[in-house]
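# Survey of secondary and tertiary structure
Spelled out from the first residue to the last, the chains are:
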Amino acid sequence: MDFVKSIFIAASGLKAQNGRMRIIAENIANADSTGRTPQEDPYRRKIPTFSTELDRKLRADVVALGPVELDNTDFKTRYEPGHPAADESGYVRTPNVDTLIEMVDMREAQRSYEANLNLITATRRMLQKTIEILRA
């Protein structure tokens, strides 16, 4: 049962990291979006969070994607007087998304995903070896 439990726990990590990567991809996709008018806010960066949940069937804590929070840092500005969202000074507010930070976060999420996948693979191999030993 411990083998199965470890697979399910790692699978919850895979699901959580997949959700994290979707949020990061959304941030990157909207990094250059602006409002349509000077009063409209541009895209605001989203921050994924994690939580632990008790899985009663497994009798173990598993990880889950928690509530998505908004990054309340200030928007960036860019001088572009001809833009429809430019204010009277010619500045356009742009998203508070830094693509370099998003790429680093994506890489970290990818490594966590790979670690969980490796755990599932190793556990599966151990199960196969156990079955081979019991058959012999």
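Further up the page is the structure itself.
Here's a quick rundown of the structure.

About the cut-offs
- Residues numbered from 1 in each chain as written.
- Predicted model: local features only at pLDDT ≥ 70, side-chain atom pairs only at ≥ 80, totals over all residues.
- Heavy atoms only, no water.
- Helix = DSSP H or I, 4+ residues; strand = E, 2+ residues; numbered from the N terminus.
- Rg over C-alpha atoms; globule rule 2.2 N^0.38 Å.
- Buried < 20%, exposed > 50% of the residue type's maximum accessible area, 1.4 Å probe, protein only.
- Contact = heavy atoms within 4.5 Å.
- Areas by Shrake-Rupley, 256 points an atom, 1.4 Å probe, with all protein chains shown as cover.
- Expected span 1.5 Å × (residues − 1).
- Polar contact = N/O pair within 3.5 Å; in protein donor to acceptor, adjacent residues only side chain to side chain.
- Pairing = 2+ DSSP bridges.
- Patch = residues over 30% accessible without salt bridge, like charges linked within 9 Å, V, L, I, M, F, W, Y side chains within 5 Å.
- Salt bridge = Lys/Arg side-chain N within 4 Å of Asp/Glu carboxyl O.

### Some words on the overall build of the protein
The helix and strand tally for the protein stands at two helices and six strands. In the protein, the order of α-helices and β-strands from amino to carboxyl end is α-β-β-β-β-β-β-α. For 136 residues, the compact-globule formula gives about 14 Å, and the C-alpha radius of gyration of the protein, at 22 Å, lies well above that figure. Overall size of the protein, expressed as C-alpha extent along the three principal axes, is 80 × 25 × 20 Å. Burial status across the protein gives 31% buried among its 136 residues. Counted over contacts in the protein with a minimum sequence separation of 6, partners at least 24 positions apart contribute 61%. When the accessible surface of the protein is totalled, it reaches about 9300 Å², and 54% of it is carbon and sulfur.

### Quick look at helix H2 (residues 99–135)
An α-helical turn contains 3.6 residues, so any two residues separated by three or four positions project in the same direction. Taking 1.5 Å of rise per residue, the 37 residues of H2 would be expected to cover 54 Å, and the 53 Å separating its terminal C-alpha atoms lies within 8% of that figure. Turning to H2, its buried residues number three or more, namely Glu-102, Asp-105, Met-106, Ala-109, Asn-116, Ile-120 and Thr-123. Where H2 starts, the residue carrying a side-chain oxygen 3.1 Å from the main-chain nitrogen of Leu-100 turns out to be Asp-98.

### Here we look at the pairing of strand E2 (residues 50–55)
Every regular strand shows the same layout, with side chains that alternate between the two sheet faces. Here E2 runs beside strand E3 (residues 60–65); their pairing, made up of six bridges, is antiparallel. By the bridge assignment for E3, Phe-50 is matched with Leu-65. Remark: four residues form the turn of the hairpin made by E2 and E3, two consecutive strands paired antiparallel; Arg-59 in that turn has positive phi of roughly 60°.

### Looking at the environment of Thr-123
Along the chain, the position of Thr-123 falls in helix H2. Thr-123 gets classed as buried once you look at its relative accessible area, which sits at 3%. The spacing of Thr-123 and Val-4 is 119 residues in sequence and 8.3 Å in space, taken between C-alpha atoms. Aside from chain neighbours lying at most four places away, what touches Thr-123 is Phe-3, Ser-6 and Ile-7.

### Structural notes on the pairing of strand E6 (residues 91–94)
Judged by which residues are buried, E6 turns out to be one-sided: Val-92 and Thr-94 face inward and are buried, whereas Tyr-91 and Arg-93, on the alternate face, are not. Relative to E6, strand E5 (residues 76–79) is paired through four bridges, and the arrangement is antiparallel. Bridge pairing in E6 links Tyr-79 to Tyr-91.

### Here we look at a nonpolar patch on the surface
Judged by side-chain polarity, Phe-50, Val-63 and Leu-65 come together as a nonpolar surface patch covering roughly 200 Å² of accessible area. In this fold, Phe-50 is placed in strand E2.

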